[in-house]
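Descriptive structure summary
If you want the building blocks of each chain, they are given just below.
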Amino acid sequence: KAGVTQTPRYLIKTRGQQVTLSCSPISGHRSVSWYQQTPGQGLQFLFEYFSETQRNKGNFPGRFSGRQFSNSRSEMNVSTLELGDSALYLCASSRGAGVLKETQYFGPGTRLLVL
Amino acid sequence: TQLLEQSPQFLSIQEGENLTVYCNSSSVFSSLQWYRQEPGEGPVLLVTVVTGGEVKKLKRLTFQFGDARKDSSLHITAAQPGDTGLYLCADRPIQGAQKLVFGQGTRLTINP
């Protein structure tokens, strides 16, 4: 069974540009969550999608947005990039049943560097 | 807002030694999870505990959940270089949702 895949794995952008990251969940998983990981702030929740609907959103500015498609694949977009957006962006998928011990599976992440 | 505090932040020990890392929460855990993350990879779930006082063992790893469900420890016996990584504790504070709140992690290095 293929794991969570994220593309691209590495990305270099300049300030002011925008970027789109992609996540393909494990087959059969309907929930996708996004996290930002930085050395200073650690892992922080961005948003969660289930069946194409945003279910929860973290405390990030409106420059961060996402969506989920009918095949459960998800994209996140960051507009007007800032230096502080440099981070590892992780995607996690799960069945989304909401049971207490449900396992989330993380992808390898996309490392974004903003110059 | 729930805050998870992990200690120590960094730990470097020799192969064969034992170690314990800790995770404390500002509020009661709903569903405590421990993850290990290796360089270039995403976190991998090690264990989920929900019952206060629960103890779980995974080979040389022993996870303890405090009776009051606000603290947890991870003990590794006879550490090996393959145990090297970032150990993260996390909680799922919203029932029915997938959102995780993470601690800052303990970066563990096992020297051969």
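Computed from a predicted model, the values in this text were never measured in an experiment.

1. Concerning the nonpolar core
- Membership of the largest hydrophobic core comes to 22 residues, with the highest contact counts inside it found for L19, L32, W34, F63, L74 and I76 of chain B.
- With near-sequence residues (within four places) excluded, L32 of chain B lies in contact with V47, T48, V49, F65, S72, C89, A90 and D91 of chain B.

2. Some thoughts on the packing of aromatic side chains
- For the coordinates displayed, the defined rule picks out ten aromatic pairs over all chains.
- Taken together, a centroid distance of 5.6 Å and an interplanar angle of 50 degrees make the contact between Y35 of chain A and F106 of chain A tilted. Linking Y35 of chain A in strand β4 (residues 31-38) with F106 of chain A in strand β10 (residues 105-106), this pair joins segments that are 71 residues apart in sequence. Residues Y35 of chain A and F106 of chain A agree in their burial class; the two are buried.
- Ring geometry for Y35 of chain B and F102 of chain B: centres 5.7 Å apart, planes at 50 degrees, overall tilted. Here Y35 of chain B, found in strand β4 (residues 32-37), pairs with F102 of chain B, found in strand β10 (residues 101-102); they are 67 residues apart in sequence, far enough to count as distant.
- Through a chain of ring-to-ring contacts, three or more aromatic side chains come together here, namely Y35, F45 and F106 of chain A together with Y35 and F102 of chain B.
- Against the face of F50 of chain A rests R55 of chain A, its NZ or CZ located 4.5 Å from the ring centre.

3. Describing the layout of surface pockets
- The computed volume of the largest pocket comes to approximately 600 Å³.
- Surrounding the largest pocket, 28 residues form its lining, Q37, T38 and P39 of chain A together with L86 and R107 of chain B being those nearest its centre.
- Looking at the lining of the largest pocket, the elements with two or more residues in it are β4, β5 (42-50), β9 (87-94) and β11 (110-114) of chain A together with β9 (85-91) and β11 (106-111) of chain B.
- Of the residues that constitute the lining of the largest pocket, the class distribution is eleven nonpolar, twelve polar and five charged.
- Of the volumes computed, that of the second largest pocket is approximately 500 Å³.
- L43 and Q44 of chain A together with T1, Q2 and V101 of chain B are the residues nearest the centre of the second largest pocket, which is lined by 18 residues in total.

4. Considerations on the side chain of Q6 of chain A
Residues and elements named next belong to chain A.
- As for its position among the elements, Q6 is in strand β1 (residues 5-7).
- Overall, the relative accessible area of 3% leaves Q6 in the buried class.
- Within the structure, the side chain of Q6 is placed 3.0 Å from the backbone nitrogen of C91, a separation counted as a polar contact.
- Beyond its immediate chain neighbours, meaning those up to four positions away, Q6 contacts S22, W34, Y89, L90, C91, G107, P108, G109 and T110.

5. Describing the state of the cysteines
- Under the defined criterion, the tally for this structure stands at two disulfides over all chains.
- For C23 of chain A, the disulfide goes to C91 of chain A, at an S-S distance of 1.7 Å. Looking along the S-S bond of the C23 of chain A-C91 of chain A disulfide, the torsion reads about -50 degrees, which is the left-handed sense. Note that C23 of chain A is positioned in strand β3 (residues 19-24) and C91 of chain A in strand β9, a separation of 68 residues in sequence.
- Covalently, C23 of chain B is tied to C89 of chain B through a disulfide, its sulfur atoms 2.0 Å apart. Taking the torsion about the S-S bond as the criterion, the C23 of chain B to C89 of chain B disulfide, at about 75 degrees, is right-handed. Residue C23 of chain B is located in strand β3 (residues 19-25), and its partner C89 of chain B is located in strand β9; the two are separated by 66 residues in the primary sequence. The pair C23 of chain B / C89 of chain B is uniform in exposure class, with both members buried.

Cut-offs and rules
Residues numbered from 1 in each chain as written. Chains lettered and ligands numbered in written order. Predicted model: local features only at pLDDT ≥ 70, side-chain atom pairs only at ≥ 80, totals over all residues. Heavy atoms only, no water. Core = buried A, V, L, I, M, F, W, Y, C linked by side-chain atoms within 4.5 Å. Buried < 20%, exposed > 50% of the residue type's maximum accessible area, 1.4 Å probe, protein only. Contact = heavy atoms within 4.5 Å. Phe/Tyr/Trp six-rings, centres within 6.5 Å; stacked < 30°, edge-to-face > 60°. Helix = DSSP H or I, 4+ residues; strand = E, 2+ residues; numbered from the N terminus. Lys NZ or Arg CZ within 6 Å of the ring centre and 35° of its normal. 1 Å grid on protein atoms, 1.4 Å probe; cavity = no way out; pocket = protein on both sides within 12 Å on 5 of 7 lines; lining within 4 Å. Points joined across faces, edges and corners; volume = space filled by probe spheres on them. Nonpolar A, V, L, I, M, F, W, Y, C, P; charged D, E, K, R; others polar. Polar contact = N/O pair within 3.5 Å; in protein donor to acceptor, adjacent residues only side chain to side chain. Disulfide = S-S within 2.5 Å.

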